[in-house]
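So the chains spell out like this:
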Amino acid sequence: DSTERPTFDWAGEERKHLGTVLHRYFCRVVTDGLDAWDANRAAGEKAGMEEMLRALGLSKERAGDEAARSVDILSRALEDDNGRFVFSEHSEGEAEYQVTGVIEGRVKDLRIDRTFVDAKGARWIVDYKTGGHGGGDVDGFLENEKQRYATQMNRYREVFTSLEKGREIRCALYYPALGRLVEL
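Just so we're clear, the structure is a prediction, and the values are computed from it rather than from any experiment.

J.: Explain the packing of aromatic side chains to me, and be specific about the residues and the numbers.
T.: Taken as a whole and judged by the stated rule, the model has 10 aromatic pairs. Arranged with centres 6.1 Å apart and planes meeting at 70 degrees, the rings of Phe 141 and Tyr 175 form a pair that is edge-to-face. One end of the pair, Phe 141, is in helix H6 (residues 138-163); the other, Tyr 175, is in strand S4 (residues 169-175), with 34 residues separating them in the sequence. One aromatic cluster in this structure is built from Phe 26, Phe 87, Tyr 128 and Tyr 174. Positioned above the aromatic ring of Trp 37, the side-chain terminus of Arg 41 is 3.8 Å from the ring centre.

As structure tokens, this is what we get:
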């Protein structure tokens, strides 16, 4: 439901498509296993990323630029402690997980970027945010992002709370370009 997600009028098509490509690669990292990926493998995927971006409508030049940016962000995520935590194998781990639940009396289909149960038994719901931040106040930016995505993440929490009664549910936004995992 498009009315439930924040709009990105400022982001532009290139950043939207970069996010699409990175989400696909993050899913591959989870599926293949984190140990199968490193910065060298990420760099080897540049041509494939560029091809995906071209298929999404970017020019050859823009696709090349965004593919290079994608390789950089993927490489950072693979080396970042937060990224390694999110992408690591966990109990009940899923990537691009489809779940249906009742929210405010209506049946909703949701796609969760990453979910898993940690060693302490808490369910994590992680939403990837592939944009960066060019300003100086990163903490202020992330605080604003928490507010922007609170409704979306609370809906995810609501569905999982109804499915897994009694389990602690932790929601977070993961910013691989910043190396930050922000809990809500």
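J.: How would you sum up the nonpolar core? Please name residues and give values.
T.: Counting 31 residues, the largest nonpolar core has Leu 74, Phe 87 and Tyr 128 as its most contacted members. Core analysis: the second largest hydrophobic core is formed by 17 residues, Phe 141, Tyr 149, Phe 160 and Leu 173 among them.

J.: Summarise the side chain of Arg 114; cite the residues concerned and give the values.
T.: Following the sequence through the fold, Arg 114 ends up in strand S2 (residues 106-117). No salt bridge is formed by the buried Arg 114. Its closest oppositely charged neighbour is Glu 94, at 7.0 Å. At a separation of 2.7 Å, a polar atom in the side chain of Arg 114 contacts the main-chain carbonyl oxygen of Val 86. Among the polar contacts listed, one links the side chain of Arg 114 to the backbone oxygen of Glu 94, at a separation of 3.2 Å. Non-local contacts of Arg 114, meaning those with residues more than four positions away in its chain, are made with Val 30, Val 86, Phe 87, Ser 88, His 90, Gly 93, Glu 94, Ala 95, Trp 124, Ile 125, Val 126 and Tyr 128.

J.: Let's hear about H6: which residues, and what values?
T.: An α-helix turns once per 3.6 residues; consequently, residues spaced three or four apart project the same way. With 26 residues, H6 should reach 38 Å at 1.5 Å per residue; the first-to-last C-alpha distance of 35 Å fits that figure. At Ala 150, H6 shows its largest kink, close to 55 degrees. By the burial criterion, the buried members of H6 are Phe 141, Leu 142, Glu 145, Tyr 149, Gln 152, Met 153, Arg 155, Tyr 156, Val 159 and Phe 160. Contact partners of the buried residues in H6: strand S1 (91-103), S2, strand S3 (123-128), S4 and strand S5 (180-183).

J.: Could you give me a rundown of the pairing of S2, with the residues and numbers involved?
T.: Bridge count between S1 and S2: 10 bridges; the pairing is antiparallel. Paired with Tyr 97 across the bridge in S2 is Ile 112. Between S1 and S2, which pair antiparallel in sequence order, lie two residues; one of them, Glu 104, sits at a positive phi of approximately 50 degrees. Where S2 lies against S3, four bridges are found, and the strand directions are antiparallel. Residue pairing across strands places Phe 116 opposite Trp 124, the latter belonging to S3. Between S2 and S3, which follow one another and run antiparallel, lie five residues, and Gly 121 among them has a positive phi close to 95 degrees.

Calculation notes
Residues numbered from 1 in each chain as written. Predicted model: local features only at pLDDT ≥ 70, side-chain atom pairs only at ≥ 80, totals over all residues. Heavy atoms only, no water. Phe/Tyr/Trp six-rings, centres within 6.5 Å; stacked < 30°, edge-to-face > 60°. Helix = DSSP H or I, 4+ residues; strand = E, 2+ residues; numbered from the N terminus. Lys NZ or Arg CZ within 6 Å of the ring centre and 35° of its normal. Core = buried A, V, L, I, M, F, W, Y, C linked by side-chain atoms within 4.5 Å. Buried < 20%, exposed > 50% of the residue type's maximum accessible area, 1.4 Å probe, protein only. Lys, Arg positive; Asp, Glu negative; His and termini not counted. Salt bridge = Lys/Arg side-chain N within 4 Å of Asp/Glu carboxyl O. Polar contact = N/O pair within 3.5 Å; in protein donor to acceptor, adjacent residues only side chain to side chain. Contact = heavy atoms within 4.5 Å. Expected span 1.5 Å × (residues − 1). Bend = angle between axes of the 7 residues up to and from the residue. Pairing = 2+ DSSP bridges.

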